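Chain and residue survey
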Amino acid sequence: MPDLTVPPTPPTPPVPLAALLAREDLGLRQIAGPSDPDIAIHWAHTSEMPDPYPYLLGGELLLTAGVHIPDAAGSGTYFDDYVARIVEAGGVALGFGIAPVHDTVPRALVAACDHYDLPLLEVPPPTPFSRVARAVWQLMAQARLAELRRVTEAQQSLAAAASRPDPLPSVLRQLAQRVGGRAVLFGPDGTEIAGAGRGAGAARATGAGAEAGSTGTGTGTGAGRGVGAGGAEVREALAELVRVVRPPAAPAASPASATAPPKSSTPSPVSTATSTDGAPPTRPAPTSATDTVSGIHLAAYALGTGQGFVLGVAAPQRAPGDHTIASVAAVLLSLLTGEHQSRTGADRSSALVRLLLGAPPEDVASLLGGDRWLVVHALPDTGAGPDPVAASALGAALGSALIDLAPEAVRVLVPGDRAPAPQPGWTLGVSAPVAPEGWSAADKQAARAAARARATRTPLVRHGASGRAGLADLLPEDAAEEHARTLLAPLAAHPALTETLRTWLSLHGSWDRTAVALAVHRNTVRQRIARCAALLETDLDDPDVRMELWFGLRRL
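From a predicted model like this one, the values you see are computed outputs, not experimental measurements. (Residues numbered from 1 in each chain as written. Predicted model: local features only at pLDDT ≥ 70, side-chain atom pairs only at ≥ 80, totals over all residues. Heavy atoms only, no water.)

Describing the overall build of the protein chain
The condition that has to hold: Only DSSP runs of H or I covering at least 4 residues are called helices, and only runs of E covering at least 2 are called strands; the numbering of each starts at the N terminus. Only protein chains enter the accessibility calculation, which uses a 1.4 Å probe. A residue is then buried if its area is under 20% of the maximum for its type, exposed if over 50%, and partly exposed in between. By definition, residues are in contact when any of their heavy atoms lie within 4.5 Å. The Shrake-Rupley method, run with a 1.4 Å probe sphere, supplies the accessible areas, and residue values consider only the shown protein chains as cover.
Secondary structure assignment for the protein chain yields 19 helices and 17 strands. The proportion of buried residues among the 556 residues of the protein chain is 42%. Across the protein chain, every contact between residues at least 6 apart in sequence was considered, and the portion connecting residues at least 24 apart equals 64%. Total accessible area computed for the protein chain in this model is approximately 28200 Å², and 56% of it derives from carbon and sulfur atoms.

With respect to the sheet that holds strand β7 (residues 120-123)
Quick reminder of the rule: Here, a strand pair is defined by DSSP locating no fewer than two bridges between the strands. For helices, the axis comes from a line fit to the C-alpha atoms of the stretch in contact; other axes are also lines fit to C-alpha atoms, and the angle between any two N-to-C directions lies between 0 and 180 degrees.
One open sheet accounts for five strands, arranged β2-β7-β6-β5-β4; its pairing is mixed. Every interior strand has two partners, whereas the edge strands, β2 (29-32) and β4 (43-46), have only one. If you compare each strand with its neighbour and ignore which way they point, the axes differ by 30° on average. Of the strand pairs in this sheet, β2 and β7 are connected by three bridges, and their pairing is antiparallel. Across the sheet, Q30 pairs through a bridge with L121, a residue of β7. Against the sheet, helix α4 (residues 129-162) makes contact with β4, β5 (60-64), β6 (93-97) and β7, and its axis sits at roughly 165° relative to β4, the strand it touches most.

As for the nonpolar core
Proteins that are soluble and globular tend to have nonpolar side chains buried together. What counts is decided by this rule: In this description, a nonpolar core means a group of buried Ala, Val, Leu, Ile, Met, Phe, Trp, Tyr and Cys residues linked to one another through side-chain atoms lying within 4.5 Å.
By size, the foremost hydrophobic cluster in this structure holds 30 residues, and its most contacted members are L158, V171, L172, L175, L311 and L333. Put simply, the parts of the chain that give this core at least two residues each are α4, α5 (167-179), β8 (182-186), β9 (192-196), β11 (296-302), β12 (310-315) and α10 (322-337). The leading source of residues in this core is α10, at eight residues. Residue contacts for L311: discarding those within four places in its chain leaves L172, L175, A183, V184, A299, A300, Y301, L303, A326, A329, A330 and L333. Y53, A73, L94 and I98 belong to the second largest nonpolar core, which has 22 residues in total.

Some thoughts on the packing of helix α16 (residues 495-506) against helix α19 (residues 543-555)
We apply this condition: Should an angle fall under 35 degrees it is taken as roughly parallel, and over 145 as roughly antiparallel, whereas 65 to 115 is taken as roughly perpendicular and any remaining angle as oblique. Crossings are classed by handedness, with left-handed meaning an anticlockwise turn of the near helix from the far one by less than a right angle and right-handed meaning a clockwise turn. Classification convention: Asp, Glu, Lys, Arg as charged; Ala, Val, Leu, Ile, Met, Phe, Trp, Tyr, Cys, Pro as nonpolar; all other residues, Gly among them, as polar.
Where α16 meets α19, the axes come as close as 10 Å, and the angle between the chain directions of the two elements is 120°. Accordingly, the angle class assigned to the pair α16 and α19 is oblique. In this structure, α16 meets α19 at a crossing whose hand is left-handed. Along its contact with α16, which presents T498, L501, R502, W504, L505 and S506, the element α19 presents R546, L549, W550, L553 and R554. Classifying every residue of the contact of α16 with α19 gives six nonpolar, two polar and three charged.

A word on the environment of T287
As for its position among the elements, T287 is in the loop between α9 (231-245) and β10 (288-293). A relative accessible area of 55% places T287 in the exposed class. Considered as a pair, T287 and A302 are 15 residues apart in the sequence and their alpha carbons are 5.2 Å apart. Ignoring sequence-local partners within four residues, the contact set of T287 consists of V245, A300, Y301 and A302.

Thoughts on the pairing of strand β16 (residues 426-430)
The line we're drawing: Whether a crossover is right-handed depends on one test, that the path from the first strand over the helix to the second runs clockwise when the strands point away from the viewer.
Counting buried positions along β16 yields five of five residues, so the element is predominantly enclosed. Of the two faces of β16, the one holding W426, L428 and V430 and the one holding T427 and G429 are both buried throughout. Pairing of β16 with strand β17 (residues 460-462), which is carried by three bridges, proceeds in the parallel orientation. Among the inter-strand pairings, L428 is bridged to a residue of β17, identified as L460. Following the chain from β16 across helix α14 (residues 439-455) to the adjacent parallel β17, one finds a crossover that is left-handed.

Brief notes about the packing of aromatic side chains
Operational definition: Stacked, edge-to-face and tilted labels apply to pairs of Phe, Tyr and Trp rings (six-membered ring for Trp) whose centres lie within 6.5 Å, assigned for plane angles under 30 degrees, over 60, and everything in between, in that order.
Going through the model one piece at a time under the given rule, you end up with four aromatic pairs. When the ring of Y78 is compared with that of Y82, the centres are 6.3 Å apart and the planes differ by 5°; the resulting orientation is stacked. One end of the pair is Y78 and the other is Y82, both in helix α2 (residues 78-89) and four residues apart, which spans about a single turn. As far as the burial class goes, Y78 and Y82 line up, both buried. Put simply, the rings of Y78, F79 and Y82 touch in pairs and so form one group of aromatic residues.

Structural notes on the sheet that holds β16
Ordered by their spatial adjacency, five strands build an open sheet running β14-β15-β13-β16-β17, and the pairing between neighbours is mixed. Looking at the sheet topology across the chains shown, the edges are occupied by β14 (403-405) and β17. Neighbour-to-neighbour, the strand axes of the sheet open up by a mean angle of 15°, direction not taken into account. Bridging between β14 and strand β15 (residues 410-415) involves three bridges; their strand directions are antiparallel. Bridging across to β15, D404 finds its partner in R411. Here helix α13 (residues 388-398) sits on the sheet and contacts β13 (373-380), β14, β15 and β16; the angle it forms with β14, its principal contact strand, is near 155°. Strands β13, β15, β16 and β17 of the sheet are contacted by α14, whose axis makes an angle of about 35° with β13.

As for the packing of α16 against helix α18 (residues 522-536)
At their nearest, the axes of α16 and α18 sit 9 Å apart, and the two run at 105° to each other. The orientation of α16 with respect to α18, classified from their angle, is roughly perpendicular. Residues A496, L497, T500, L501 and W504 of α16 lie in contact with α18, whose contacting residues are V525, R528, I529, R531, C532, L535 and L536. Its residues assigned to classes, the contact of α16 with α18 comprises nine nonpolar, one polar and two charged.

Points about the pattern of salt bridges
The criterion, for reference: Salt bridges are identified by distance alone: a Lys or Arg side-chain nitrogen within 4 Å of an Asp or Glu carboxyl oxygen.
Evaluated as defined, the whole model comprises 15 salt bridges. Measuring nitrogen to oxygen at the nearest pair gives 2.8 Å for the salt bridge that ties R411 to D404. Classification of D404 as partly exposed rests on a relative accessible area of 31%. Across the pair R546 and D541 runs a salt bridge, and its minimum N-O distance is 3.9 Å. On the accessibility criterion, R546 (24% relative accessible area) is partly exposed. Connected through shared salt-bridge partners, D51, R85 and E88 make up one network.

Given below as structure tokens:
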């Protein structure tokens, strides 16, 4: 008996009945039943049994020559009972062969198929059933090959997008294009972090505004037209899917919030054991969930970072391979939003604890790996403060998970054997390679390099990039530092003046670029430089004075 509670899982994708009817070599003709383009065939089966129900699995095109039909069948309920059993077993179409038993299709069979909405095909005498079955499998093989090619191309494009300098939006754009809808990354609190997909309707379906939909990339107006129906209902349905795969952190939920997941959500195994206090066990959250609302197919995928990120997808249709493509995108997004680290999180936590307890940096550096390090200061080109996801993506591009999201800049500690490259959307300042005990000095070098990069509108500036020996290398270190402290002693109590003078000299006395680097007005720069000249009792227009001051500033 067919198990109708579990849909069959054929080894190849089903093919539309219309594709089989379009085969001119078969000469098939539909003479009854609905002409629905969505009717799909999973396989073909031949049977002359008067009751084919026990031999059908569901999804078949049943082929018969009518050998089982009795002579008086047209005057009774034979055909009604026969067609009813086929429909009950899950058959999707009936093919009736003309000759050698019957010259025409019985009228009562045509009427019964119309009554039960079962497509009835007339198979002409020159077409054997084996040719029909072979055609079905040929169409399935073609569909399978097309599906595999589509999935492979999607995997390649998603992987290429993940390697771009802006991996998160690139992966979402590719996914939206591949499924013909919209893709959205939700944060741990359920808010939208990033999204892609064209069309205001697609944006409404995933909770994004019309503005986001009009600026994203997608597959054209068709996606927006299909996803736009029932926007509020679809938006709430997707929000429910996100909640299903990203349960709240609280161990207990209020009765009002204890709603059942969508019926199409991916089930998870539930233990039958009870807790020690007799309460029923907590059901593990599913990793994915799907639903269809207002003709829009929705899916949510929990990213495997354990941090609560969720990928939401809305599309006007669900094509074969969409789930595989979305799963690949979810894996890539899990890597991009997770911890990128060469060692375990326990090592990193141990290093942090040891530093807080007073251990010197050189003692904990072995837990992080590497003997030499670079400090990178990254300033967003937008002028706004950096966000956590963008900072994580930047760290991944630089090859480090040691990221500090400061209000004014993102600081990244990078192994010294790496060579940071310019990153789109960021202005970078890179220190010289240092040992762990030199981290503090390298942090100052990176900050100065980043300020100079912003002032000169350069994507990346490295500290000491020339690599040539300078005059400072001709003097002993202690003597050079003593001379610098004596020379700049009048400015020791004024850190703002010292930094302004340092920046002004590094930018060849440019008032405007110094103002940009320090984020102050150009008149403020003029006033500070004048104050420096007064305290130092020297002429800052003299190139010899500037050279000596620059020498001293580099030693501090």
